[in-house]
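# Structural overview for review
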2 protein chains.
Amino acid sequence: MSKSLEFLTEALRRLPGVGPKSAQRMAFHLLQHDREGAAMLSRALGQAVEAVQHCVLCNTFTEEEVCDTCNDERRDRRLLCVVETPADQLMIEQTLTYKGLYFVLMGRLSPLDGIGPKDIHLEKLVARANDGVVGEVVLATNFTNEGEATAHYISEMLKARGLRVSRLARGVPVGGELEYVDAGTIARAMLDRRAT
Amino acid sequence: MSKSLEFLTEALRRLPGVGPKSAQRMAFHLLQHDREGAAMLSRALGQAVEAVQHCVLCNTFTEEEVCDTCNDERRDRRLLCVVETPADQLMIEQTLTYKGLYFVLMGRLSPLDGIGPKDIHLEKLVARANDGVVGEVVLATNFTNEGEATAHYISEMLKARGLRVSRLARGVPVGGELEYVDAGTIARAMLDRRAT
């Protein structure tokens, strides 16, 4: 195999979820059928590495010092929603139910993977939440073991500093049939039941 | 989302098998955890697009006019093995059972996808096989419907020009248990049975 092709296959393996076979398939596909796409991807990667940094306020990816969301005057500055990733933030934005600001951890606590409080920028979060304007922090980390542990850790930390902290509601998903929902979820929905 | 990030996500979708969610995950991963990998991939793509072309003899990817395999003096020039892709060629090389040369179609006949004889360089193959040195053409296209049809088409074409054409043997895979091998394969193995 030619050297450029070997180098390309090796580089494609740096993408998450791409093994040796997929990397080879991708390299062959780009060179045989989509050289324009390959050139475009090359440019996009170079440009992103060059331009993308972290918002000084919410820690998400941005090309400016402060991201568009944090700069948006119409947002409610008394609410701060903590999410694990920019993808989670996008999902919440799509619901159109939240008009406050965000803080993006860019990860979750995971002692087994050696990811501690410093790796998810908790000092920055504490400083951000104590700006004197934020009145409530909404924890929207995932409902996985690690996400729950992260939420618990942040909750204790912020409550100790006198902040109001809430967590997304757990319960039966919309459209969920009880027969097919797991028992843990139903148990939680029963405990958290609401007056109608 | 920032413009560079949107452009990167869009560009990653040009990779085969990568949908919108994976593309986003890849972009976030590279920017958060592996900027070096992103820069490396950018360079590798640019370099490959620039340098990689097709071997004038066997049609595979190479950076020279003629690839290393075709240039290899120790190879048997009387044998020409026809494969669909460079990946297939690599698999055959790994078996260490073949010492002839190759012709890489870079595809297969697939009328439903609009891929005809011209798209898989059959004129080039005919010219190559008629160099006066090649004595046998081994068809090693896949044993899928399209691969079989391609082999059949090439076989007719080359035999009409007086060349000897063979096909990889079909049969029960090494380590295969009859109970778990499909009936079509066993039927073929029965028809093609060999004296021991």
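Residues numbered from 1 in each chain as written. Chains lettered and ligands numbered in written order. Predicted model: local features only at pLDDT ≥ 70, side-chain atom pairs only at ≥ 80, totals over all residues. Heavy atoms only, no water.

In the nomenclature of an unreviewed UniProt entry, chain A is known as Recombination protein RecR of Rugamonas rubra. Comment text from UniProt for chain A, heading Function (unreviewed entry), reads "May play a role in DNA repair. It seems to be involved in an RecBC-independent recombinational process of DNA repair. It may act with RecF and RecO." (UniProt positions renumbered as here; feature names shortened; annotations may be inferred.)

### A few points about the overall build of chain A
Each helix and strand in chain A was counted, giving eight helices and six strands. For chain A, the sequential pattern of α-helices and β-strands runs α-α-α-β-β-α-β-α-β-α-β-α-β-α. Compactness check: chain A gives a C-alpha radius of gyration of 21 Å against a globular reference of 16 Å for 196 residues, more than 25% above the reference. Taking the principal axes of the C-alpha coordinates as reference, chain A spans close to 65 × 45 × 35 Å. Looking at chain A as a whole, 41% of its 196 residues qualify as buried. Taking contacts inside chain A between residues at least 6 apart in sequence as the whole, the part at least 24 apart equals 47%. Carbon and sulfur atoms make up 52% of the accessible area of chain A, which amounts to about 11100 Å² in all. (Helix = DSSP H or I, 4+ residues; strand = E, 2+ residues; numbered from the N terminus. Rg over C-alpha atoms; globule rule 2.2 N^0.38 Å. Buried < 20%, exposed > 50% of the residue type's maximum accessible area, 1.4 Å probe, protein only. Contact = heavy atoms within 4.5 Å. Areas by Shrake-Rupley, 256 points an atom, 1.4 Å probe, with all protein chains shown as cover.)

### Some remarks on the relation of the copies chain B and chain A
Superposing chain B onto chain A requires a rotation of 180° together with a translation of 0.0 Å along the rotation axis, leaving an RMSD of 0.0 Å. Such a turn and shift between the copies fits a two-fold axis. Within chain B, B:Ser42 has its C-alpha nearest the rotation axis, a separation of 2.1 Å. In this assembly, 100% of the residues forming the interface of chain B have copies in chain A that are likewise at the interface, indicating an isologous arrangement. (Least-squares fit on C-alpha atoms with pLDDT ≥ 70 in both.)

### Description of the packing of helix α3 (residues 35-51) of chain A against helix α3 (residues 35-51) of chain B
With their axes 8 Å apart at the nearest point, α3(A) and α3(B) run at an angle of 150° to one another. In terms of orientation, α3(A) lies roughly antiparallel with respect to α3(B). Relative to α3(B), the crossing made by α3(A) is left-handed. Note on element contacts: α3(B) touches α3(A) through B:Arg35, B:Ala38, B:Ala39, B:Leu41, B:Ser42, B:Leu45, B:Gly46, B:Ala48 and B:Val49, opposite A:Arg35, A:Ala38, A:Ala39, A:Leu41, A:Ser42, A:Leu45, A:Gly46, A:Ala48 and A:Val49. Grouping the constituent residues of the contact of α3(A) with α3(B) by class yields twelve nonpolar, four polar and two charged. (Axes fitted to C-alpha atoms, helices over the stretch in contact; angles between N-to-C directions. Parallel < 35°, antiparallel > 145°, perpendicular 65-115°, else oblique. Left-handed = near helix turned anticlockwise from the far one by under 90°. Nonpolar A, V, L, I, M, F, W, Y, C, P; charged D, E, K, R; others polar.)

### A closer look at the packing of aromatic side chains
Counting across every chain of the model gives four aromatic pairs over all chains. Lying over the aromatic face of A:Phe143, A:Arg167 brings its terminal NZ or CZ to 4.0 Å of the ring centre. (Phe/Tyr/Trp six-rings, centres within 6.5 Å; stacked < 30°, edge-to-face > 60°. Lys NZ or Arg CZ within 6 Å of the ring centre and 35° of its normal.)

### Notes on the interface of chain B and chain A
Taken together, the contacts link 52 residues of chain B with 52 residues of chain A. Considering only the surface of chain B that becomes buried against chain A, B:Arg14, B:Leu45 and B:Phe61 emerge as the three largest contributors, covering 14% of it. On the surface where chain B and chain A come into contact, there are two salt bridges. Among the salt bridges present, the one from B:Arg14 reaches A:Asp34, with a minimum N-O distance of 2.9 Å. Seen at the junction of chain B and chain A, the total is 15 residue pairs in polar contact (both at pLDDT 80 or more). Secondary-structure elements contributing two or more residues to the side of chain B that touches chain A are α1 (3-12), α2 (20-33), α3, β1 (53-54), β2 (61-62) and α5 (86-95) of chain B. For the side of chain B that touches chain A, the residue count by class is 29 nonpolar, 13 polar and ten charged. (Buried area = accessible area lost by both parts, 1.4 Å probe. Salt bridge = Lys/Arg side-chain N within 4 Å of Asp/Glu carboxyl O. Polar contact = N/O pair within 3.5 Å; in protein donor to acceptor, adjacent residues only side chain to side chain.)

### Quick notes on the environment of B:Leu122
Residue and element names in this part refer to chain B. If you trace the backbone, Leu122 turns up in helix α6 (residues 122-129). Each C-alpha atom of the pair Leu122 and Phe103 lies 10.0 Å from the other, and the pair is 19 residues apart in sequence. Beyond its immediate stretch of four places on either side in the chain, Leu122 contacts Leu105, Pro117, Tyr153, Ile154 and Met157.

### Some points on the environment of B:Met157
Residue and element names in this part refer to chain B. The topology assignment puts Met157 in helix α7 (residues 145-159). The class of Met157 is buried, set by a relative accessible area of 16%. Placed 31 residues apart in sequence, Met157 and Val126 show a C-alpha to C-alpha distance of 8.1 Å. Discounting chain neighbours no more than four positions away, the residues touching Met157 are Leu122 and Val126.

### A look at the domain arrangement of chain A
In terms of domains, chain A is made up of domain 1 (1-50) and domain 2 (66-165). Its C-alpha centre places domain 1 of chain A at a distance of 35 Å from the equivalent point of domain 2 of chain A. (Domains from an automatic or database assignment.)

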